[in-house]
Amino acid sequence: MTPPEGERRRDLAMFSAGLGLVTLTFAGWRRVFGRPTAAPPVPRPTLALGPGPSARTTIPERESEPAPESGAKVPEGDAVDDVTTELPALTPEVLAGLAGPWEDLFEPELFEAGPEPESEAEAESEEIEEPEPEPVPEVPQVSGPAPERRPPAERPEPDAPGTPWSARPAEIVLLGVVAVAVGAMFLGIPWLTAGIAAVILGAIGLWILAHHPIFVFVAMAFMLGAAPMIQTPVINISITFVLSAGIWVAVAFMPEAQHRVTWGVGLSGVLIGLSAFSFAGHPITSASIADFARWSITAAAVYPISVLPARHLALVGRCFVRGCTAAAVFGLLFVVLDRDGTRLHQLTIFGYGADTLNSRYVYTSAGAFSRLTGTYVDPNLGGYIMVFGLILGLVLLRGRQRFFSSVVLLLAIGLTLSRADQGAVAMAGVLLVLFSGLRGSIRRRLLALGTIGAGGMLAVPAVRVRLTNSFGSNDAGSSARLDSLKAFPHEMVGNWVFGRGFGAEEFINGQATALTNFVSNAPLLTVYRGGLVVGIAFTVLVLAGVRAGWRMLRQGDFEIAALGAGYLGLAIVEFQLDIPVVTLTPATLCFALLLAFVAQPDKVREVVQDTTARAELKRTTRDAVPAPEPVEEMSRG
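About the cut-offs
Residues numbered from 1 in each chain as written. Predicted model: local features only at pLDDT ≥ 70, side-chain atom pairs only at ≥ 80, totals over all residues. Heavy atoms only, no water. Helix = DSSP H or I, 4+ residues; strand = E, 2+ residues; numbered from the N terminus. Buried < 20%, exposed > 50% of the residue type's maximum accessible area, 1.4 Å probe, protein only. Contact = heavy atoms within 4.5 Å. Areas by Shrake-Rupley, 256 points an atom, 1.4 Å probe, with all protein chains shown as cover. Expected span 1.5 Å × (residues − 1). pLDDT = per-residue confidence, 0-100. Salt bridge = Lys/Arg side-chain N within 4 Å of Asp/Glu carboxyl O. Patch = residues over 30% accessible without salt bridge, like charges linked within 9 Å, V, L, I, M, F, W, Y side chains within 5 Å. Lys, Arg positive; Asp, Glu negative; His and termini not counted. Charge placed at Lys NZ, Arg CZ, Asp CG, Glu CD. Axes fitted to C-alpha atoms, helices over the stretch in contact; angles between N-to-C directions. Parallel < 35°, antiparallel > 145°, perpendicular 65-115°, else oblique. Left-handed = near helix turned anticlockwise from the far one by under 90°. Nonpolar A, V, L, I, M, F, W, Y, C, P; charged D, E, K, R; others polar. Phe/Tyr/Trp six-rings, centres within 6.5 Å; stacked < 30°, edge-to-face > 60°. 1 Å grid on protein atoms, 1.4 Å probe; cavity = no way out; pocket = protein on both sides within 12 Å on 5 of 7 lines; lining within 4 Å. Points joined across faces, edges and corners; volume = space filled by probe spheres on them. Core = buried A, V, L, I, M, F, W, Y, C linked by side-chain atoms within 4.5 Å. Polar contact = N/O pair within 3.5 Å; in protein donor to acceptor, adjacent residues only side chain to side chain. Disulfide = S-S within 2.5 Å.

S.K.: Can you tell me about the overall build of the protein chain, naming the residues and giving the values?
M.R.: Of regular secondary structure, the protein chain possesses 25 helices and five strands. Evaluated residue by residue, the protein chain yields a buried proportion of 39% over its 637 residues. The contacts of the protein chain with a sequence gap of at least 6 include a subset with a gap of at least 24, amounting to 73%. For the protein chain, the exposed area adds up to about 37100 Å²; of that, 63% sits on carbon and sulfur atoms.

Dropping the structure here:
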């Protein structure tokens, strides 16, 4: 029997807290009861030959002993701790004069003279003709009292094993927290364990924000592509929303961020501002606040993503593409191994439904076909996100990585059986072939590849039946779309100014959502939720992207043209036939990510050139490695 969802969440929270607490216990034990510190070594005479203005020779403390010349003893009360003699800098001229007597440069106590030649004749015979060295500058004799001794700086020694506990407040607090947490876990106090786990995770998050803020962007992009429906344990909030809010904090710790307002940021700000008026025009409840906060924060994420430097923007985009590719591979495997979605019930702790709630089917005259869901749960959302991954993959990846990612994503998009997503990809391909500024040879290759890909997808029975039934009278989806368009004017009576509002029952309740026949058009659904003015603002934002996408399509670079064609395909097909960009947080965040690229053509061009140069350098370096020469066998006999 599967344990209830509440118990699974509690168990995961306690496990996470226990793992963190065990780590802290180990760290505290090593800190308090670690190995004793070894005694510091006895100092020896050192000779510092630095590049500064003078060289310094230091002699350690000595007891009273006879002076080198007079033989007088130094009184014990006046013992000299160390003697420091200033020497000239070791310039090339001084180094050239080191062939002279050592006594002229250093104290005679540090060096012993070598053996003298037995006779002058032998010395002359051993003499080698060399150019006479330049005269060594004389060391000025400093008269007056000896320089004042400076005691060496004391280094702070680590705590010895015998340090009293009163001198270790940090260790006491650490071990106290660990003891309380462990006791709470064994006594079964979940709220205390969850609180301590939240403190530990919060401390880790603050450290990442302070030292590596780009990691927050990378985590957001990868989770958005790989598993956007995961809920954070204990607090039950979408991981996509948490990370989209975290990048606002992370960008404040990035001094290299290029703060400026693009047309994508400006129009998104206008849309959010007008939506706030719509939000205020309805009774404010906790549900409406939560709904508006989720949508507005993810829609505004276009700003922190846009201000990233080009190299960081490329990194975020690549992580998103790799997350989409990983989710596509996972979905393809589950299409074969988990057709009814029962295996995903093991992930209910992360927000996935139990038993068969993760399975999706499409019913046709030929029977029921399973749709690819994977970690996306909703096949329409999965196809939508993977279309964004396909577009950015063509821009940011090269070589085998781009080929593998494109093939996997195209196959996965086809198996979602989402006609809007399939139509968006087909429209982008048609625009690239017919209207792009690419060379004729490239467009012919694209036409050949598109024809082969379309033929391969139509060979799959589920895809073929799904597409052929789309234009028949027996297609329930097409009939529902027509009915929603006919009923739209009647539903908007009395709601044209403020719309139905954020937090309406059909937007937050799953059962009400399933029973409501939404109009399957993103601009019209924006009007339905926020009113006519908000719908116009959203339409202006989409049309501004269409204008920028058309300009990119006419470029001669394949990557830039693919980005423009991909956006046009989404605007012409996807936004007219499906609605996740309006209702679902991950879809809104994907749109913000794409706007950050489309609204900055100069930065995209820089990213494309840098990515191409890196790929070319890697290929050249690999090809430049010489092949090992064949070893010739030695003849025998």
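S.K.: Give a description of helix α12 (residues 379-396) that names residues and reports values.
M.R.: Between its terminal C-alpha atoms α12 stretches 25 Å, which fits the 26 Å expected from 18 residues at 1.5 Å a residue. The buried fraction of α12 is high, at 16 of 18 residues.

S.K.: Before we move on, could you go through the confidence of the model for the protein chain and cite the residues and values that matter?
M.R.: Considering every residue of the protein chain, the mean pLDDT works out to 76; 61% of them sit at 70 or more. This model gives residues 32-39 a pLDDT under 50, and the stretch forms nine contacts once residues within four places in sequence are excluded. Confidence drops under pLDDT 50 across residues 155-163; counting only partners more than four residues distant or on other chains, this segment forms nine contacts.

S.K.: Could you give me a rundown of helix α14 (residues 419-435), with the residues and numbers involved?
M.R.: Here α14 is 17 residues long and its end C-alpha atoms lie 23 Å apart, about the 24 Å a rise of 1.5 Å per residue gives. For α14, the complete set of buried residues consists of R419, A420, D421, Q422, A424, A428, L431, L432 and V433.

S.K.: Give me the lowdown on the pattern of salt bridges, citing residues and values where you can.
M.R.: Considering all chains together, one arrives at seven salt bridges under this definition. E559 serves as the salt-bridge partner of R402, at 3.2 Å between the closest nitrogen and oxygen. Placement of the pair is R402 in helix α13 (residues 399-415) and E559 in helix α22 (residues 558-577), with a sequence separation of 157 residues. Residue R402 is classed as buried on the basis of its relative accessible area, which comes to 19%. The partner of D610 in a salt bridge is R614, with the nearest N and O atoms 3.0 Å apart. Residue D610 and its partner R614 are both found in helix α25 (residues 601-624); the two are separated by four residues, about one turn of the helix.

S.K.: Give me the lowdown on the side chain of T526, citing residues and values where you can.
M.R.: Inspection of the secondary structure puts T526 in helix α20 (residues 522-530). Setting aside residues up to four positions removed in sequence, T526 forms contacts with G531, V534, G535, F538 and V582.

S.K.: Got a sec to walk through a positive patch on the surface? Specific residues and values, please.
M.R.: A surface patch of positive charge is lined by R322, R400, K618 and R622. As for its placement among the helices and strands, R622 is situated in helix α25.

S.K.: Kindly report on the packing of helix α11 (residues 310-337) against α13, identifying the contributing residues and their values.
M.R.: Packing of α11 against α13 brings their axes to within 9 Å, and their N-to-C directions diverge by 50 degrees. Taken together, the axis directions place α11 and α13 in an arrangement best described as oblique. The handedness of the crossing between α11 and α13 is left-handed. For the pair α11 and α13, contact is made by V321, R322, C324, T325, A328, V329 and L332 and by Q401, F404, S405, V408, L409, L411, A412 and L415, respectively. Here the residues of the contact of α11 with α13 are counted per class, giving eleven nonpolar, three polar and one charged.

S.K.: Lay out the packing of aromatic side chains with the relevant residues and their values.
M.R.: Within this structure, the stated rule accounts for 15 aromatic pairs. Aromatic pair W248 and Y303: ring centres 5.9 Å apart, planes at 20 degrees, arrangement stacked. A residue pair is termed long-range when its members are at least 10 positions apart, and W248 in helix α7 (residues 239-251) and Y303 in helix α10 (residues 302-306) qualify at 55 residues. Taking the relative accessible area as the measure of exposure, W248 reaches 35% and is therefore partly exposed. An aromatic cluster is present here, built from F279, F292, W295 and F502 joined pairwise through their rings.

S.K.: Before we move on, could you go through empty space enclosed by the protein and cite the residues and values that matter?
M.R.: Evaluated as defined, the whole model comprises five cavities of 30 Å³ or more. By volume, the largest cavity is sized at about 160 Å³. What lines the largest cavity is a set of 18 residues, and nearest its centre among them are L271, W295, A299, F538 and T588. Put simply, the parts of the chain that give the lining of the largest cavity at least two residues each are α8 (263-280), α9 (286-299), α20, α21 (532-553), α23 (580-583) and α24 (585-598). The element contributing the most residues to the lining of the largest cavity is α24, with four residues. Its residues assigned to classes, the lining of the largest cavity shows twelve nonpolar, five polar and one charged.

S.K.: Provide a residue-level description of the environment of Y567, including the pertinent values.
M.R.: Counting through the fold element by element, Y567 comes out in helix α22. Exposure remark for Y567: the relative accessible area of 1% places this residue in the buried category. Remark: the alpha-carbon pair of Y567 and V425, spanning 142 residues in sequence, is separated by 9.9 Å. Setting aside residues no more than four positions away along its own chain, Y567 makes contact with I391, L541, V542, G545, V546, F591, L594, L595 and V598.

S.K.: Tell me what's going on with the environment of G545, and back it up with residues and numbers.
M.R.: By secondary structure assignment, the location of G545 is in helix α21. Between the C-alpha atom of G545 and that of A599, which follows or precedes it by 54 residues, the distance is 7.4 Å. Sequence-distant contacts of G545, that is, excluding residues within four places in its chain, are made with W263, Y567 and V598.

S.K.: So, the nonpolar core: which residues are in play, and what are the values?
M.R.: Of all hydrophobic cores here, the largest spans 111 residues; its most connected members are F217, F320, Y384, L392, L563, F591 and L594. The dominant element in this core, judged by the number of residues it contributes, is α11, at twelve residues. Every residue in contact with L392, bar those within four places of it in the chain, is listed here: F320, V321, L563, L593, L594 and F597. If you look at the next biggest cluster of nonpolar residues, it comprises 13 residues, including V433, L446, F558 and A561.

S.K.: Run through the side chain of R529, naming residues and quoting values.
M.R.: Looking at the secondary structure, you find R529 in helix α20. Put simply, R529 is tucked away with no salt bridge, and the nearest opposite charge, on D291, sits 5.0 Å away. Only 2.9 Å separates the side chain of R529 from the backbone oxygen of V582, close enough to count as a polar contact. Here R529 is in contact with S278, W295, F498, G499, R500, G501, F502, F507 and V582, once residues within four sequence places are set aside.

S.K.: Go over the packing of α12 against α13 with me, naming the residues and quoting the values.
M.R.: Packing of α12 against α13 leaves a shortest axis separation of 10 Å and a crossing angle of 160 degrees. Classified by the interaxial angle, the pair formed by α12 and α13 is roughly antiparallel. In terms of crossing hand, the pair formed by α12 and α13 is left-handed. Contact residues: α12 offers G383, M386, V387, G389, L390, G393 and L394, while α13 offers R402, S406, L409, L410, A412 and I413. Each residue belonging to the contact of α12 with α13 can be placed in one class, and the counts come to eight nonpolar, four polar and one charged.

S.K.: An account of the state of the cysteines is requested, with residue identities and associated values reported.
M.R.: In this structure the tally under the stated criterion is zero disulfides. Here C590 is not disulfide-linked; the sulfur of C324 is the nearest cysteine sulfur, at 6.6 Å.

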